[in-house]
Amino acid sequence: MFLGMATLPAGSRIYAIGDVHGRLDCLERLFTDIQSDIQARPVSSSKTVMLGDYVDRGPDSRGVLDFLIAQSDNPDVICLRGNHDDRLLEFVEAPDEFSEGFLRYGGWETLASYGVTASLFRRNVANLSRSMAKRMPGSHKKFLSRLPLFYEEGDYFFCHAGVRPGVALHNQEKHDLMWIRGEFLGFEGSFGKVVVHGHTPGIQVEVVPNRINLDTMAFETGRLSCAILEGDSYNFMQTGL
Ligand SMILES: [Mn+2]
């Protein structure tokens with residue numbers, strides 16, 4: 001299945017949003033733009049699929065989680081799990097030998113958004129983790145622990161990073177769905193459905209026949225990207241233009 005042939009059921013529209021990474025400003029703006037689009041072009045069913053990586057790097061990870069949790073009552077907003085969201089939960093609940101890495105890849109900014117600073121604990125991971133566990137609201141832990149790994153509708157498959165070629169979409173490893181790069185990005189055949197993903201940053205949205213990559217480095221460019229899928233068509237919206 002390739003773009004151009006892929007379809008959604010009649011009357012259904014999906015807005016898929018790439019890596020947010022603490023940019024609450026971009027996320028709020030994009031949600032407003034989506035509401036305007038729905039008002040301008042009404043449709044019987046519209047869903048918003050968040051592709052994961054809500055936290056790290058940008059300035060307001062805590063605010064992004066608050067914003068998404070406030071949408072929890074809305075079944076038409078689906079939030080998937082990114083590798084950064086997964087690592088944050090592990091850092092808070094069970095720090096391990098990889099936790100230093102979490103801090104290096106933008107985790108310090110996340111901690112700061114909860115009022116936990118390096119100077120407080122001199123980079124002692126166990127102490128930082130305990131302090132985060134105390135300061136992070138239970139609703140945030142619950143939200144992170146329940147994020148699904150993928151969503152599918154019609155001929156589209158949504159996940160954070162991608163899928164492993166040659167493995168059925170329903171048999172994918174959790175780790176691949178959140179982390180895969182090379183084998184996925186280099187594959188030009190069909191995955192069975194068109195994969196809509198983020199995770200690997202680019203300057204612009206990447207559209208190739210078998211997948212759409214929506215990670216446009218919002219945390220530093222202010223460009224948060226959204227694919228609009230309906231029928232057999234696809235379009236894009238972005239913040240920061
Ligand atoms: Mn990311």
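Below you will find a few notes about this structure. (Residues numbered from 1 in each chain as written. Predicted model: local features only at pLDDT ≥ 70, side-chain atom pairs only at ≥ 80, totals over all residues. Heavy atoms only, no water.)

## A few points about a nonpolar patch on the surface
- Taken together, Val207, Tyr234 and Phe236 make up a surface patch of nonpolar side chains, about 230 Å² in accessible area.
- Summarising the element assignment, Phe236 is placed in strand β10 (residues 233–238).
- A residue is classified by how much of its surface remains accessible, and Phe236, at 34% relative accessible area, is partly exposed. (Patch = residues over 30% accessible without salt bridge, like charges linked within 9 Å, V, L, I, M, F, W, Y side chains within 5 Å. Areas by Shrake-Rupley, 256 points an atom, 1.4 Å probe, with all protein chains shown as cover. Salt bridge = Lys/Arg side-chain N within 4 Å of Asp/Glu carboxyl O. Helix = DSSP H or I, 4+ residues; strand = E, 2+ residues; numbered from the N terminus. Buried < 20%, exposed > 50% of the residue type's maximum accessible area, 1.4 Å probe, protein only.)

## Quick look at the pattern of salt bridges
- Applying the stated criterion across every chain yields a total of 15 salt bridges.
- Lys193 serves as the salt-bridge partner of Glu152, at 3.2 Å between the closest nitrogen and oxygen. Residue Glu152 is found in strand β4 (residues 150–153), and its partner Lys193 is found in the loop between α9 (182–185) and β6 (194–197); the two are separated by 41 residues along the sequence.
- The salt bridge involving Asp176 is made with Arg164; its shortest N-O contact spans 2.8 Å. Note that Asp176 is positioned in helix α8 (residues 174–179) and Arg164 in the loop between β5 (156–159) and α8, a separation of 12 residues in sequence.

## Here we look at the coordination of the manganese ion
- Protein coordination at the manganese ion comes from Asp19 (OD), His21 (NE2) and Asp53 (OD), with a distance range of 2.1 to 2.4 Å.
- In primary-sequence terms, the residues that donate to the manganese ion follow D-x1-H-x31-D. As far as the burial class goes, Asp19 and His21 line up, both buried. (Donors = N, O, S within 2.8 Å, 3.2 Å for Na, K, Ca; no water.)

## Looking at the state of the cysteines
- By the definition in use, this model includes zero disulfides.
- Considering cysteine sulfurs only, Cys226 is the nearest to Cys79, which forms no disulfide, with 13 Å between them.
- For the unlinked cysteine Cys226, the closest cysteine sulfur is that of Cys26, found at 13 Å. (Disulfide = S-S within 2.5 Å.)

## Things to note about the packing of aromatic side chains
- Summed over the entire model, instances satisfying the criterion amount to nine aromatic pairs.
- Aromatic pair Phe31 and Phe67: ring centres 5.0 Å apart, planes at 90°, arrangement edge-to-face. One end of the pair, Phe31, is in helix α1 (residues 24–40); the other, Phe67, is in helix α2 (residues 61–69), and 36 residues separate them in sequence. Of the two residues, Phe31 and Phe67, neither departs from the other in class, the shared state being buried.
- Aromatic pair Tyr54 and Phe143: ring centres 6.3 Å apart, planes at 55°, arrangement tilted. Of this pair, Tyr54 sits in the loop between β2 (45–50) and α2 while Phe143 is found in helix α7 (residues 138–146), placing the two residues 89 residues apart along the sequence. Here the two residues Tyr54 and Phe143 agree in accessibility, since each one is buried.
- Here the aromatic residues Tyr151, Tyr156 and Phe158 are joined through ring pairs into a cluster of three or more.
- The ring of Phe219 is capped by Arg57, whose NZ or CZ atom sits 5.4 Å from the centre of that ring.
- One cation-aromatic arrangement involves Arg211 over Phe184; the distance from NZ or CZ to the ring centre is 5.6 Å. (Phe/Tyr/Trp six-rings, centres within 6.5 Å; stacked < 30°, edge-to-face > 60°. Lys NZ or Arg CZ within 6 Å of the ring centre and 35° of its normal.)

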